[in-house]
Amino acid sequence: MSRFAPRTTPALEPAEAARLADALAARDVSLFVDGTAHRLAGPVDEAVRDLLARFARGEAVTVSSAEDVLTVAQAADLAGISHSYVRKLTDAGIWPVQYRGSHRRIRCEDVLAWVAGQKKSQGT
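Keep in mind that what you see is a predicted model, and the values were worked out from it rather than measured.

How each quantity is defined
- Residues numbered from 1 in each chain as written.
- Predicted model: local features only at pLDDT ≥ 70, side-chain atom pairs only at ≥ 80, totals over all residues.
- Heavy atoms only, no water.
- Phe/Tyr/Trp six-rings, centres within 6.5 Å; stacked < 30°, edge-to-face > 60°.
- Helix = DSSP H or I, 4+ residues; strand = E, 2+ residues; numbered from the N terminus.
- Buried < 20%, exposed > 50% of the residue type's maximum accessible area, 1.4 Å probe, protein only.
- Axes fitted to C-alpha atoms, helices over the stretch in contact; angles between N-to-C directions.
- Parallel < 35°, antiparallel > 145°, perpendicular 65-115°, else oblique.
- Left-handed = near helix turned anticlockwise from the far one by under 90°.
- Contact = heavy atoms within 4.5 Å.
- Polar contact = N/O pair within 3.5 Å; in protein donor to acceptor, adjacent residues only side chain to side chain.

Visitor: I'm lost on the packing of aromatic side chains in this one. Help?
Guide: We describe a pair of aromatic rings using the distance from one ring centre to the other and the angle between the two ring planes. Tallying each qualifying case throughout the model produces two aromatic pairs. Ring plane angle 90° and centroid distance 5.4 Å describe the contact between W95 and W114, whose orientation is recorded as edge-to-face. With W95 in the loop between α4 (83-91) and β6 (97-100) and W114 in helix α5 (residues 108-122), the pair connects residues that are 19 residues apart, well separated along the chain. Residue classification places W95 among the buried residues on the basis of a relative accessible area of 1%. Among the aromatic residues, those joined into a ring-pair cluster are Y85, W95 and W114.

Have a look at this one:
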(Lines give C-alpha, C1' and ligand atoms only; values in the text may rest on other atoms or scores of the structure.)
Protein backbone atom coordinates (compact mmCIF):
# COMPACT_ATOMS: atom_id res chain seq x y z
CA MET A 1 0.00 0.00 0.00
CA SER A 2 1.09 3.52 -0.69
CA ARG A 3 2.52 5.48 2.17
CA PHE A 4 1.32 8.68 0.53
CA ALA A 5 -2.13 9.96 1.43
CA PRO A 6 -4.45 11.21 -1.29
CA ARG A 7 -4.18 14.93 -1.90
CA THR A 8 -7.07 17.15 -2.94
CA THR A 9 -6.47 20.41 -4.77
CA PRO A 10 -9.32 22.92 -5.00
CA ALA A 11 -10.74 24.03 -8.33
CA LEU A 12 -9.07 26.85 -10.25
CA GLU A 13 -10.63 30.26 -10.46
CA PRO A 14 -12.81 30.47 -13.60
CA ALA A 15 -10.37 32.75 -15.47
CA GLU A 16 -7.46 30.41 -14.73
CA ALA A 17 -9.52 27.39 -15.79
CA ALA A 18 -10.40 29.11 -19.08
CA ARG A 19 -6.73 29.91 -19.81
CA LEU A 20 -5.80 26.30 -19.09
CA ALA A 21 -8.58 25.03 -21.37
CA ASP A 22 -7.28 27.25 -24.17
CA ALA A 23 -3.73 26.00 -23.66
CA LEU A 24 -4.86 22.36 -23.68
CA ALA A 25 -6.66 22.88 -26.99
CA ALA A 26 -3.22 23.15 -28.63
CA ARG A 27 -2.65 19.45 -27.78
CA ASP A 28 1.08 20.11 -27.34
CA VAL A 29 1.55 19.85 -23.61
CA SER A 30 5.12 19.84 -22.35
CA LEU A 31 6.35 19.29 -18.81
CA PHE A 32 9.24 21.46 -17.69
CA VAL A 33 11.53 20.28 -14.90
CA ASP A 34 14.42 22.57 -13.96
CA GLY A 35 14.06 24.36 -17.30
CA THR A 36 14.21 21.17 -19.39
CA ALA A 37 11.17 20.19 -21.48
CA HIS A 38 10.00 16.59 -21.22
CA ARG A 39 7.44 14.83 -23.39
CA LEU A 40 5.34 12.33 -21.56
CA ALA A 41 4.28 9.13 -23.29
CA GLY A 42 1.52 6.57 -23.04
CA PRO A 43 -0.48 6.26 -19.84
CA VAL A 44 1.49 8.99 -18.07
CA ASP A 45 0.66 11.47 -20.85
CA GLU A 46 -3.01 10.45 -20.68
CA ALA A 47 -3.10 10.79 -16.89
CA VAL A 48 -1.52 14.26 -16.92
CA ARG A 49 -3.84 15.44 -19.71
CA ASP A 50 -6.84 14.09 -17.80
CA LEU A 51 -5.71 15.88 -14.63
CA LEU A 52 -5.26 19.17 -16.47
CA ALA A 53 -8.58 18.78 -18.30
CA ARG A 54 -10.36 18.35 -14.99
CA PHE A 55 -8.82 21.57 -13.70
CA ALA A 56 -9.76 23.31 -16.96
CA ARG A 57 -13.39 22.27 -16.38
CA GLY A 58 -13.26 23.94 -12.98
CA GLU A 59 -13.18 20.71 -10.97
CA ALA A 60 -11.38 20.10 -7.70
CA VAL A 61 -9.09 17.08 -8.07
CA THR A 62 -7.90 14.37 -5.70
CA VAL A 63 -4.71 12.52 -6.61
CA SER A 64 -3.86 9.22 -4.98
CA SER A 65 -1.88 6.11 -5.75
CA ALA A 66 -3.81 3.22 -7.24
CA GLU A 67 -3.15 0.26 -5.02
CA ASP A 68 -4.38 -3.29 -5.30
CA VAL A 69 -6.02 -3.18 -1.88
CA LEU A 70 -6.95 -0.33 0.41
CA THR A 71 -7.55 0.04 4.12
CA VAL A 72 -10.96 1.19 5.30
CA ALA A 73 -9.55 4.70 5.72
CA GLN A 74 -8.04 4.75 2.23
CA ALA A 75 -11.25 3.43 0.67
CA ALA A 76 -13.28 6.04 2.54
CA ASP A 77 -10.99 8.85 1.38
CA LEU A 78 -11.04 7.62 -2.22
CA ALA A 79 -14.83 7.31 -2.30
CA GLY A 80 -15.45 10.48 -0.30
CA ILE A 81 -17.49 8.67 2.35
CA SER A 82 -17.15 7.89 6.04
CA HIS A 83 -15.29 4.92 7.51
CA SER A 84 -18.52 3.60 9.01
CA TYR A 85 -20.22 3.70 5.60
CA VAL A 86 -17.32 1.71 4.13
CA ARG A 87 -17.87 -0.92 6.82
CA LYS A 88 -21.61 -0.98 6.01
CA LEU A 89 -20.83 -1.48 2.30
CA THR A 90 -18.48 -4.36 3.07
CA ASP A 91 -20.88 -5.91 5.60
CA ALA A 92 -23.68 -5.76 3.00
CA GLY A 93 -21.45 -7.41 0.38
CA ILE A 94 -21.61 -4.39 -1.92
CA TRP A 95 -17.83 -4.15 -1.74
CA PRO A 96 -16.05 -7.49 -1.53
CA VAL A 97 -13.64 -7.50 1.36
CA GLN A 98 -10.50 -9.41 2.22
CA TYR A 99 -9.36 -9.78 5.79
CA ARG A 100 -5.78 -9.59 6.98
CA GLY A 101 -6.22 -10.71 10.53
CA SER A 102 -9.09 -8.55 11.72
CA HIS A 103 -8.30 -5.74 9.28
CA ARG A 104 -10.48 -5.21 6.22
CA ARG A 105 -8.89 -4.69 2.82
CA ILE A 106 -10.92 -3.50 -0.15
CA ARG A 107 -9.81 -3.68 -3.77
CA CYS A 108 -9.25 -0.27 -5.29
CA GLU A 109 -11.04 -1.29 -8.49
CA ASP A 110 -14.18 -2.15 -6.48
CA VAL A 111 -14.18 1.29 -4.87
CA LEU A 112 -13.63 3.06 -8.19
CA ALA A 113 -16.37 1.02 -9.89
CA TRP A 114 -18.79 1.88 -7.08
CA VAL A 115 -17.90 5.59 -7.29
CA ALA A 116 -18.43 5.54 -11.08
CA GLY A 117 -21.79 3.84 -10.58
CA GLN A 118 -22.84 6.43 -8.03
CA LYS A 119 -21.91 9.26 -10.39
CA LYS A 120 -23.75 7.61 -13.26
CA SER A 121 -26.90 7.11 -11.17
CA GLN A 122 -26.76 10.77 -10.09
CA GLY A 123 -26.31 11.90 -13.69
CA THR A 124 -22.90 13.53 -13.18
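From this point on, the discussion continues.
Visitor: What is the right way to look at the packing of helix α1 (residues 14-25) against helix α2 (residues 42-56) in this model?
Guide: When two helices pack together, their arrangement is captured by the angle between the axes and the distance separating the axes. Between α1 and α2, the shortest axis-to-axis distance is 8 Å and the interhelical angle comes to 140°. With respect to their mutual orientation, α1 and α2 come out oblique. Relative to α2, α1 is oriented so that their crossing is left-handed. Judged by residue contacts, A17, L20, A21 and L24 of α1 engage L52, A53, F55 and A56 from α2.

Visitor: I tried to follow the side chain of R104 on my own but got confused; where do I start?
Guide: Along the polypeptide, R104 turns up in strand β7 (residues 103-107). With a relative accessible area of 17%, R104 lands in the buried category. A distance of 3.5 Å separates a polar atom in the side chain of R104 from the backbone oxygen of R87. A distance of 2.9 Å separates polar atoms of two side chains, one belonging to R104 and the other to D91. Here R104 is in contact with L70, T71, V72, R87, T90, D91, V97, Q98 and Y99, once residues within four sequence places are set aside.

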